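Given next are the chains, with one letter for each unit.
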Amino acid sequence: DTEVTQTPKHLVMGMTNKKSLKCEQHMGHRAMYWYKQKAKKPPELMFVYSYEKLSINESVPSRFSPECPNSSLLNLHLHALQPEDSALYLCASSSRVAGEDTQYFGPGTRLTVL
Amino acid sequence: AQKITQTQPGMFVQEKEAVTLDCTYDTSDPSYGLFWYKQPSSGEMIFLIYQGSYDQQNATEGRYSLNFQKARKSANLVISASQLGDSAMYFCAIKSRNTGKLIFGQGTTLQVKP
């Protein structure tokens, strides 16, 4: 089973709201990722967690706050977002960060910031 | 630094015919992995096929095969017997064994005509 789940599927929020995106995998993977994808563009890496510790932050603004409560779960907390943050947010997981392990993606959350 | 180039922004293919999607890459890493993903309009990034840089044989996965030419730094995806459900955006990606980062190309939109 190579399933990564993400909730919610769609999210509309105002610039003053606080919301969270959730990602879950039960493949025993120890690396989890957040990507941001604008329409017709490739995904852009935001954060990488390895063994539940943040290992890469690609200079993402602090209004995005990741959290990895356990090895199966990854959250992305959103606060004071801007309209330009509207995008598809993809979560992925792989056995480990290093090496050539395949990253498996979830279905994504389509975020609209009003 | 690593780079993926996909020179075909859009492609058309007749149903049941084969199609080749081009991908060239640039890397200074001695060991790397090459991946192809499919992204339908629903947004989910679906893993299709993987080729390791030291693999002697071209990877195959059902109707998908990867034409790997290491000296030319190309990793073209061949889809045989195209189906209407193959209509999607296709991304080529390279992963460094050392950093673990997945670098995507700009993508190719494939439309299968009935």
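Note that the structure is predicted; figures quoted are calculated from it, not measured.

Engineer: So what exactly am I meant to see when it comes to the overall build of chain A here?
Structural biologist: Each helix and strand in chain A was counted, giving zero helices and eleven strands. Each helix (α) and strand (β) of chain A, taken in turn from the N terminus, gives the series β-β-β-β-β-β-β-β-β-β-β. Relative to the compact-globule value of 13 Å for 114 residues, chain A shows a C-alpha radius of gyration of 13 Å, a close match. Overall size of chain A, expressed as C-alpha extent along the three principal axes, is 40 × 25 × 20 Å. In chain A, which comprises 114 residues, the share counted as buried stands at 49%. Restricting to contacts in chain A with at least 6 residues of sequence separation, those with at least 24 account for 55%. Of the accessible surface of chain A, which amounts to about 5,400 Å², a share of 49% is contributed by carbon and sulfur atoms.

Engineer: What exactly am I supposed to notice about the nonpolar core here?
Structural biologist: Nonpolar side chains tend toward joint burial in soluble globular proteins. Residue and element names in this part refer to chain B. One finds L34, W36, I49, L77, Y90 and L110 to be the most contacted residues of the largest nonpolar core, which totals 25 residues. When contributions to this core are tallied by element, the ones reaching two or more residues are β2 (10-14), β3 (19-21), β5 (32-39), β6 (46-52), β8 (64-69), β9 (74-79), β10 (88-96) and β12 (108-113). Per element, the largest residue contribution to this core is four residues, and it comes from β10. In this structure L77 touches V19, T20, L21, W36, L48, I49, Y64, S65 and Y90, once residues within four positions along its chain are discounted.

Engineer: Hey, could you run me through unusual backbone geometry in this one?
Structural biologist: For residues other than glycine, phi is negative in most cases, and the peptide bonds are mostly trans. The linkage connecting T7 of chain A with the following residue, P8 of chain A, adopts the cis geometry, with an omega of -5°. A positive phi angle, close to 60°, is found at K40 of chain A, a residue other than glycine.

Engineer: Looking at this model, I keep getting lost on the packing of aromatic side chains. Mind explaining?
Structural biologist: The full count for this structure, using the stated rule, is 14 aromatic pairs over all chains. When the ring of Y35 of chain A is compared with that of F104 of chain B, the centres are 6.1 Å apart and the planes differ by 85°; the resulting orientation is edge-to-face. A residue pair is termed interchain when its members come from two chains, as with Y35 of chain A in strand β4 (residues 31-37) and F104 of chain B in strand β11 (residues 102-104). Accessibility expressed as a relative area gives 8% for F104 of chain B, which makes it buried. Centroid distance F35 of chain B to Y37 of chain B: 6.4 Å. Interplanar angle 25°. Geometry classified as stacked. Summarising the burial analysis for this pair, F35 of chain B and Y37 of chain B share the class buried. Sitting above the plane of the Y54 of chain B ring, K70 of chain B keeps its charged end 4.6 Å from the centroid. Lying over the aromatic face of F12 of chain B, K113 of chain B brings its terminal NZ or CZ to 4.9 Å of the ring centre.

Engineer: Whenever I open this one, the environment of M46 of chain A confuses me. Can you help?
Structural biologist: Residues and elements named next belong to chain A. The residue M46 is located in strand β5 (residues 44-50) in this model. Exposure remark for M46: the relative accessible area of 4% places this residue in the buried category. Apart from the residues within four sequence positions on either side, M46 is in contact with W34, Y35, K36, I56, N57, E58, V60, F64, L76 and Y89.

Engineer: When you look at the pattern of salt bridges in this model, what are you seeing that I'm missing?
Structural biologist: Oppositely charged side chains can form a pair if their charged atoms are brought close together. Applying the stated criterion to the full structure yields eight salt bridges over all chains. Note that R96 of chain A is salt-bridged to D101 of chain A, the shortest N-O span being 3.0 Å.

Engineer: I would appreciate a short explanation of the interface of chain A and chain B in the present structure.
Structural biologist: How large an interface is tends to be reported as the accessible area lost when its parts come together. Contact residues are listed per partner, giving 24 residues for chain A and 27 residues for chain B. When the area that chain A buries against chain B is broken down by residue, the three leading residues are P42, E100 and F105 of chain A, summing to 32%. Residue E58 of chain A is joined to K101 of chain B by a salt bridge in which the shortest nitrogen-to-oxygen separation is 2.8 Å. The interface formed by chain A and chain B holds six residue pairs in polar contact (both at pLDDT 80 or more) in total. Elements represented by at least two residues in the side of chain A that touches chain B include exactly β4, β9 (87-94) and β10 (104-105) of chain A. Considering only residue class, the side of chain A that touches chain B consists of twelve nonpolar, five polar and seven charged.

Thresholds, definitions, all that
Residues numbered from 1 in each chain as written. Chains lettered and ligands numbered in written order. Predicted model: local features only at pLDDT ≥ 70, side-chain atom pairs only at ≥ 80, totals over all residues. Heavy atoms only, no water. Helix = DSSP H or I, 4+ residues; strand = E, 2+ residues; numbered from the N terminus. Rg over C-alpha atoms; globule rule 2.2 N^0.38 Å. Buried < 20%, exposed > 50% of the residue type's maximum accessible area, 1.4 Å probe, protein only. Contact = heavy atoms within 4.5 Å. Areas by Shrake-Rupley, 256 points an atom, 1.4 Å probe, with all protein chains shown as cover. Core = buried A, V, L, I, M, F, W, Y, C linked by side-chain atoms within 4.5 Å. Phe/Tyr/Trp six-rings, centres within 6.5 Å; stacked < 30°, edge-to-face > 60°. Lys NZ or Arg CZ within 6 Å of the ring centre and 35° of its normal. Salt bridge = Lys/Arg side-chain N within 4 Å of Asp/Glu carboxyl O. Buried area = accessible area lost by both parts, 1.4 Å probe. Polar contact = N/O pair within 3.5 Å; in protein donor to acceptor, adjacent residues only side chain to side chain. Nonpolar A, V, L, I, M, F, W, Y, C, P; charged D, E, K, R; others polar.

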